[in-house]
Amino acid sequence: MLLANTQIRQADPEEIPEVAGLQLEVFAPRGPQPALLPFLAEMYEAKQAEARRGMRSRLANELKQRIERGSTIFIASLGKHAREVIGTVDLSYHEMELPTHSLSDGLYVSTLCVDPEYRKNGIGKALMEAVEAEAEGRGASGIYLHVEASNDGALALYESAGYSKLPKTPMYNTFTTALHLSHREPLLMYKPLAVNEA
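Residues numbered from 1 in each chain as written. Predicted model: local features only at pLDDT ≥ 70, side-chain atom pairs only at ≥ 80, totals over all residues. Heavy atoms only, no water.

Student: Give me the lowdown on the nonpolar core, citing residues and values where you can.
Tutor: Grouped together as the largest cluster of nonpolar side chains are 27 residues, with contacts concentrated most on Val-89, Val-109, Met-128, Leu-145 and Tyr-158. Here the element with the most residues in this core is helix α3 (residues 123-137); it accounts for six residues. The contact partners of Val-109, leaving out residues within four places of it in the chain, are Val-89, Asp-90, Leu-91, Met-128, Val-131, Ile-143, Tyr-144 and Leu-145. The next biggest cluster of nonpolar side chains, apart from the first, holds 12 residues, and it includes Ile-16, Ala-20, Ile-73 and Val-85. (Core = buried A, V, L, I, M, F, W, Y, C linked by side-chain atoms within 4.5 Å. Buried < 20%, exposed > 50% of the residue type's maximum accessible area, 1.4 Å probe, protein only. Helix = DSSP H or I, 4+ residues; strand = E, 2+ residues; numbered from the N terminus. Contact = heavy atoms within 4.5 Å.)

Student: Any details on helix α2 (residues 38-68)? Residues and values, ideally.
Tutor: Between its first and last C-alpha atoms α2 spans 45 Å; for 31 residues at 1.5 Å apiece the expected length is 45 Å, and the two agree. Buried residues of α2: Ala-41, Arg-52, Leu-59, Ala-60, Leu-63 and Arg-66, and no others. The inward-facing, buried residues of α2 contact α1 (16-27), β2 (72-78), β3 (85-92) and β4 (107-114). At the exit of α2 stands Gly-70, carrying a positive phi of roughly 115°. (Expected span 1.5 Å × (residues − 1).)

Student: Tell me what's going on with unusual backbone geometry, and back it up with residues and numbers.
Tutor: Unlike most non-glycine residues, Thr-111 shows phi in positive territory, near 50°. Relative to the elements of secondary structure, Thr-111 occurs in strand β4. The partly exposed category is assigned to Thr-111, whose relative accessible area is 30%. One non-glycine residue, Lys-120, lies in the positive phi region at around 70°. Structurally, the position occupied by Lys-120 is in the loop between β4 and α3. Exposure remark for Lys-120: the relative accessible area of 81% places this residue in the exposed category.

Student: An account of the pairing of β3 is requested, with residue identities and associated values reported.
Tutor: Every regular strand shows the same layout, with side chains that alternate between the two sheet faces. Burial of β3 is extensive: eight of the eight residues sit out of reach of the surface. Where β2 lies against β3, six bridges are found, and the strand directions are antiparallel. Note on β3: the bridge partner recorded for Ile-73 is Asp-90. Pairing analysis gives five bridges linking β3 to β4, with the strands arranged antiparallel. If you follow Leu-91 over to β4, its bridge partner there is Val-109. (Pairing = 2+ DSSP bridges.)

Student: If you had to explain the packing of aromatic side chains to someone new, which residues and values would you point to?
Tutor: Applying the stated rule across the entire model yields two aromatic pairs. Considering the side-chain rings of Tyr-144 and Tyr-190, the 4.4 Å spacing of their centres and the 45° angle between planes classify their relative orientation as tilted. Placement of the pair is Tyr-144 in strand β5 (residues 142-148) and Tyr-190 in strand β7 (residues 186-192), with a sequence separation of 46 residues. Note on accessibility: Tyr-144 and Tyr-190 belong to one class, buried. A ring pair is formed by Tyr-158 and Tyr-163, whose centres lie 6.0 Å apart and whose planes are at 65°; its orientation type is edge-to-face. Summarising the burial analysis for this pair, Tyr-158 and Tyr-163 share the class buried. (Phe/Tyr/Trp six-rings, centres within 6.5 Å; stacked < 30°, edge-to-face > 60°.)

Student: Account for the pattern of salt bridges, with residues named and values stated.
Tutor: Enumeration according to the criterion identifies seven salt bridges in this entry. Among the salt bridges present, the one from Lys-191 reaches Glu-132, with a minimum N-O distance of 2.6 Å. You can see Lys-191 sitting in strand β7 and its partner Glu-132 sitting in helix α3, a full 59 residues away along the chain. Summarising the burial analysis for this pair, Lys-191 and Glu-132 share the class buried. Residues Glu-159 and Lys-165 are paired through a salt bridge, measuring 3.6 Å at the closest nitrogen-oxygen approach. (Salt bridge = Lys/Arg side-chain N within 4 Å of Asp/Glu carboxyl O.)

Student: I'd like a description of the layout of surface pockets, backed by residues and values.
Tutor: A probe matching the size of a water molecule, rolled over the atoms, marks out where space remains unfilled. Empty space within the largest pocket amounts to approximately 1,600 Å³. Listing elements by their share of the lining of the largest pocket, those giving two or more residues are α1, α2, β4, α3, β5 and α4 (152-160). The leading source of residues in the lining of the largest pocket is β4, at seven residues. Looking at the lining of the largest pocket residue by residue, the classes come out as 25 nonpolar, 12 polar and 12 charged. Considered as a void within the structure, the second largest pocket measures approximately 150 Å³ in volume. Lining the second largest pocket, in full, are Gln-10, Ala-11, Asp-12, Pro-13, Ile-16, Lys-64, Ile-67, Ser-71, Thr-72 and Ile-73. Listed by contribution, the elements that provide at least two residues to the lining of the second largest pocket are α2 and β2. (1 Å grid on protein atoms, 1.4 Å probe; cavity = no way out; pocket = protein on both sides within 12 Å on 5 of 7 lines; lining within 4 Å. Points joined across faces, edges and corners; volume = space filled by probe spheres on them. Nonpolar A, V, L, I, M, F, W, Y, C, P; charged D, E, K, R; others polar.)

All we've got here are geometric facts, nothing functional implied.
Rendered as structure tokens:
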């Protein structure tokens, strides 16, 4: 069941830095601080904070570029006018375009993440439902995504939403290699959508 006062919607441009911050915290969390003398600990923390601000800024710029190229970034936020981003997902077609040809007329989901404090409240499911509605509205034949084989929670979410694991084929390998995902042992999943013939 979705948390009360949770909104699922497209991100506003001014929310992109917060989206970047959430992605950074989920996919590249801060490591433990080494044991240091107090004055060194302060210097270390200041350097880490500066580095994280730089990473967040670069990621926000990359997300803005993705939006300019056609990505749709959905967010989950709390409250009617809240700006606290507690979940996000990116729907795009860029990943489907190889330099020489298109792999499919489907769309691609990437960077689904939910703040750990708000997990198990239906937010990931609601974000995926928003993605599916958008993809259907665009007339996509289906949705692809990659997930790490060890991510049991994400696998369960995607399978319950109707996604199936695809067998390893030359297309699968080309797609995974083109996205530079080979080192993560990803599984490619797909969900066909009903295409409306007008």
